[in-house]
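Each chain, letter by letter, is given below.
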Amino acid sequence: MNHESTDMTTNPSLLFRLRDIRDRQAWALFVEVYGPLIFSYCRRKRLQDSDAADVSQEVLTRLSKALTSFEYQPERGRFRDWLGKVTHRELLQFWKRQGRTNAMQTVDGQDAIDSTEDTKNWDEHFHSELLRLAITRIRTEFEEETWMVFEQLWFEDKLPVDVAKSFGVNMGSIYVAKSRVLKRLREEVLMMSDDLPLLEGH
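Residues numbered from 1 in each chain as written. Predicted model: local features only at pLDDT ≥ 70, side-chain atom pairs only at ≥ 80, totals over all residues. Heavy atoms only, no water.

(A) Representation of the packing of aromatic side chains within the structure. Scanning the model with the defined rule gives twelve aromatic pairs in all. With a centroid separation of 6.1 Å and 75° between ring planes, the pair formed by Trp27 and Phe30 is classed as edge-to-face. Taken together, the residues span about one helical turn, with Trp27 and Phe30 both in helix H2 (residues 24-44) at a distance of three residues. Note on Trp27: relative accessible area 14%, which makes it buried. Its relative accessible area of 1% is what places Phe30 among the buried residues. (Phe/Tyr/Trp six-rings, centres within 6.5 Å; stacked < 30°, edge-to-face > 60°. Helix = DSSP H or I, 4+ residues; strand = E, 2+ residues; numbered from the N terminus. Buried < 20%, exposed > 50% of the residue type's maximum accessible area, 1.4 Å probe, protein only.)

The structure is reproduced here in structure tokens:
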């Protein structure tokens, strides 16, 4: 567990890079991250694949126009909240085009826009999808044993003493492995969204 590269510097924020419309790599990453996130949220709102794709494209188009002058200011609001509002606005427009008598409701009668429960659902969806992608993106940066230690400690919530015993290493190595992966995971999530609440306390 001692051979991973130590050259894991924090990348510039994706949201900052998007201000340069010529940064094609940043825009490609943005679509890779947020396209599926928005699409899967629309599917959770009972949209068919084709409709979810259309709404997602509308959201991404609006974001591409706004983000070139976007300045992230946490004290004035979080990016995920702004993204949620844009996504909900496009969902509302979709339902209106469909001739819903009450476009503020989903097919099961639950409030779809501007409800406390919906805000909670969006936040949970946003962070779970972001975390899933970040984990996938950093996985190859670590040796198999380091990653297995991290999985057992973080995902399976096993006791450090039991993990150390199963791998035949000392406790210090176990804590170092977990700390190294979590540090890199925080960097990746922060790079993509400037937002870290799911990793607080770990």
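(B) Main features of the packing of helix H3 (residues 49-66) against helix H4 (residues 79-97). Relative orientation of the contacting elements H3 and H4 amounts to 135°, with a least axis distance of 10 Å. In this view, H3 runs oblique relative to H4, as classed from their interaxial angle. The two elements H3 and H4 cross, and the hand of that crossing is right-handed. Contacts between H3 and H4 involve Asp51, Val55, Glu58, Val59, Arg62, Leu63 and Ala66 from the first element and Trp82, Leu83, Val86, Thr87, Glu90, Leu91 and Phe94 from the second. The residue makeup of the contact of H3 with H4, split by class, is nine nonpolar, one polar and four charged. (Axes fitted to C-alpha atoms, helices over the stretch in contact; angles between N-to-C directions. Parallel < 35°, antiparallel > 145°, perpendicular 65-115°, else oblique. Left-handed = near helix turned anticlockwise from the far one by under 90°. Contact = heavy atoms within 4.5 Å. Nonpolar A, V, L, I, M, F, W, Y, C, P; charged D, E, K, R; others polar.)

(C) Up close: the pattern of salt bridges. Within this structure, the stated rule accounts for 15 salt bridges. Between Asp20 and Arg22 there is a salt bridge, and its shortest N-O distance comes to 3.1 Å. Taking the relative accessible area as the measure of exposure, Asp20 reaches 31% and is therefore partly exposed. As a salt-bridge pair, Arg184 and Glu188 come within 3.0 Å of each other at their nearest N and O atoms. Here Glu188 and Arg184 lie together in helix H8 (residues 171-193), a separation of four residues that amounts to about one turn. When sorted by exposure, Arg184 lands in the same class as Glu188, which is buried. Through salt bridges with shared partners, a single network forms among Glu32, Arg137, Glu141, Lys183, Arg184, Glu187 and Glu188. (Salt bridge = Lys/Arg side-chain N within 4 Å of Asp/Glu carboxyl O.)

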